[in-house]
Amino acid sequence: WKLRPELVTSWTRLFVWTCYTVHQLLAWWLMYLAQVNKQARKGKKYSPIMSKYNWAAVAVHTFFHLLHLAQTHLTYDATAQDVTIGSSQGSVIVALLVVLVVEFRDRGVFFGWPSAGSTGKAGKAVRSWLNESVHLVRKYHGYVIMWAAVYTFWYHPMENTLGHVLGFFHTWILMLQGSLLYTDLHLNRYWRFLLEVWVTLHGGLVAYQTGGPAQMGTKLWPMFTFGFVGLIVLTQLFGLPFWKHLPAWTRVFPFLIYLAVTLYMYSWLPDEYGRPWTRLWEPVVIPANQYGFALYICGLVTFGLYVERKLTNGSTKNILSNFGRAAYVCGFLCMYLIKIIISWAFQYFDIHIPGTAMMIVHESIFIVFAVAAAFFVRRVVEAKTQKAQTEPKEKHELPSNVIPDTYGSIPVSLENGKVKESVLT
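This section reports on the structure supplied with the text. (Residues numbered from 1 in each chain as written. Predicted model: local features only at pLDDT ≥ 70, side-chain atom pairs only at ≥ 80, totals over all residues. Heavy atoms only, no water.)

### A closer look at the overall build of the protein
Put simply, the test is: In this text, helices come from DSSP runs of H or I with a minimum length of four residues, and strands from runs of E with a minimum of two, each type numbered from the N-terminal end. Partly exposed residues are those whose accessible area sits between 20% and 50% of the maximum for their type, while under 20% is buried and over 50% is exposed, using a 1.4 Å probe and protein chains only. We call two residues in contact when some of their heavy atoms are within 4.5 Å. Surface exposure here means Shrake-Rupley accessible area, sampled with a 1.4 Å probe, where a residue is shielded only by the protein chains that are shown.
A tally of helices and strands in the protein yields 13 helices and six strands. The 425 residues of the protein split such that 46% are buried. For the protein, restricting intrachain contacts to residue pairs at least 6 apart in sequence, the fraction spanning at least 24 positions comes to 76%. Here the protein displays about 23,100 Å² of accessible surface, and carbon together with sulfur accounts for 67% of that area.

### Thoughts on the pattern of salt bridges
When charged atoms on two side chains of opposite charge get close, those side chains can pair. Under the convention used in this document: Salt bridge, as used here, is a side-chain nitrogen of Lys or Arg placed within 4 Å of a carboxyl oxygen of Asp or Glu.
Under the definition given, this model contains 14 salt bridges. The closest approach of N and O atoms between R192 and E103, which form a salt bridge, is 2.8 Å. Remark: E103 occurs in the loop between α3 (85-102) and α4 (104-107) and R192 occurs in helix α7 (residues 189-209); sequence separation between them is 89 residues. Given a relative accessible area of 13%, R192 falls into the buried group. Linking D106 and R105 is a salt bridge whose minimum nitrogen-to-oxygen distance equals 3.6 Å. Residue class for R105 comes out partly exposed when judged on its relative accessible area of 42%. Shared partners join several salt bridges into a network, and the residues in it are E103, R105, D106, R138, R189 and R192.

### Things to note about unusual backbone geometry
Going from W113 to P114, the amide bond is cis rather than trans, its omega being -5°. Relative to the elements of secondary structure, P114 occurs in the loop between α4 and α5 (121-153). Backbone geometry at Y182 places phi at a positive 70°, although glycine is not the residue there. Here Y182 shows up in the loop between α6 (162-179) and α7. Residue class for Y182 comes out buried when judged on its relative accessible area of 13%.

### Focus: the packing of aromatic side chains
Our working rule: Aromatic rings from Phe, Tyr and Trp, taking only the six-membered ring of Trp, are treated as a pair when their centres fall within 6.5 Å; an angle between ring planes under 30 degrees marks them as stacked, one over 60 as edge-to-face, and anything in between as tilted. A positively charged side chain is recorded as over a ring if its NZ (Lys) or CZ (Arg) lies within 6 Å of the ring centre. The angle to the ring normal must also be within 35 degrees.
By the definition in use, this model includes 30 aromatic pairs. On the numbers, 6.1 Å between centres and 80° between planes, the contact of F111 with F255 is edge-to-face. Of this pair, F111 sits in the loop between α4 and α5 while F255 sits in helix α10 (residues 253-266), placing them 144 residues apart in sequence. Judged by its relative accessible area of 22%, F255 is partly exposed. Centre to centre, the rings of W147 and Y336 are 5.5 Å apart; their planes meet at 50°, and the pair counts as tilted. Of this pair, W147 sits in helix α5 while Y336 sits in helix α12 (residues 322-348); the two residues are 189 residues apart in sequence, bridging distant segments of the chain. The pair W147 / Y336 is uniform in exposure class, with both members buried. By the ring-pair criterion, three or more aromatic residues cluster together here, those being W17, Y20, W28, Y143, W147, Y151, F332, Y336 and F366. A cation over a ring is seen here: K339 above W147, with NZ or CZ 3.7 Å from the ring centre.

Such coordinate-based values are descriptive only and should not be taken to indicate function.
Structure, rendered in structure tokens:
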């Protein structure tokens, strides 16, 4: 879904990349403003009322959806001309991996285990080890997911195929979720479940459309469909509130139904030689990828926290000058720029990696830089502004004990031949 090479011009490239860049920076900036504003205020963190930052974010994303539609009719080409399809797919998978880590605190990994109430040694050990890394990911996950949504949104032109429509709907609801931060809807379990499982419908349909005639047209869609449904019945389903009111043993029933349907389907789905049963490994691929890379994220974050403590000697003080803030912001932006440059290099040098391996390679690389970027933005969000030292204008002025950073005068008078002083603020 891109122009033929002879139709590509500097203008078609510059226009779409400018649109993407401005959209991305505005989305991050509004998210940052909302976060630091909420951090500076006391009181309830989440509200049923949308703030000015929420409304501004919704307006920005709506505007760029309309602009993308106009751009598709004007120049057609999106960023697919310059970066690989694996980078688009990989960015969305990274977003879903981040969500998997974010939701760990409330639903665990398998069938709701390990939960906050787990009494076994294994459950307690897992939660203890992951606690610090999960906390950091939960606080800064929005920046990664917003990048994935906006980057993928600008990868495709706005075509009217069902696959494109479902994909654009997914990026839209991800952007909407990012726009609703610190609102009650942002926390709604059923809404979050939809955000997470929409890829099952979209991925399965696109795989079906691109499967071709090989293996009776079943080359790709069973792996994507049954793989993502496997994630639902093993993990994602148990974030829904009603499971808390049911006995723990009932959680196995969705998996048993899934297992029965999967075995039936693979009893007749043929491989390239027409044999059934030989593709039973396919539904395992996506869950294994998701769980493995989620653990990879937590491992990198844990390592990053260890390095940070070593570099700061365990100090919790985080005071930055304006130059320091600018340096960390540049570091954050550079992490994402490097990811885009790597994606461009794969496309420019025509590096071919077969099948879904290309997506997995991009995931591995993207996660490293996304984690590094989280540490950069963390320093900026949590930093206190460095205050300049103010010297008293006159020797008789002392710092006030009543109003910080103000100075009082010391009137001097004589009483019974002795000096009497009083500090006035």
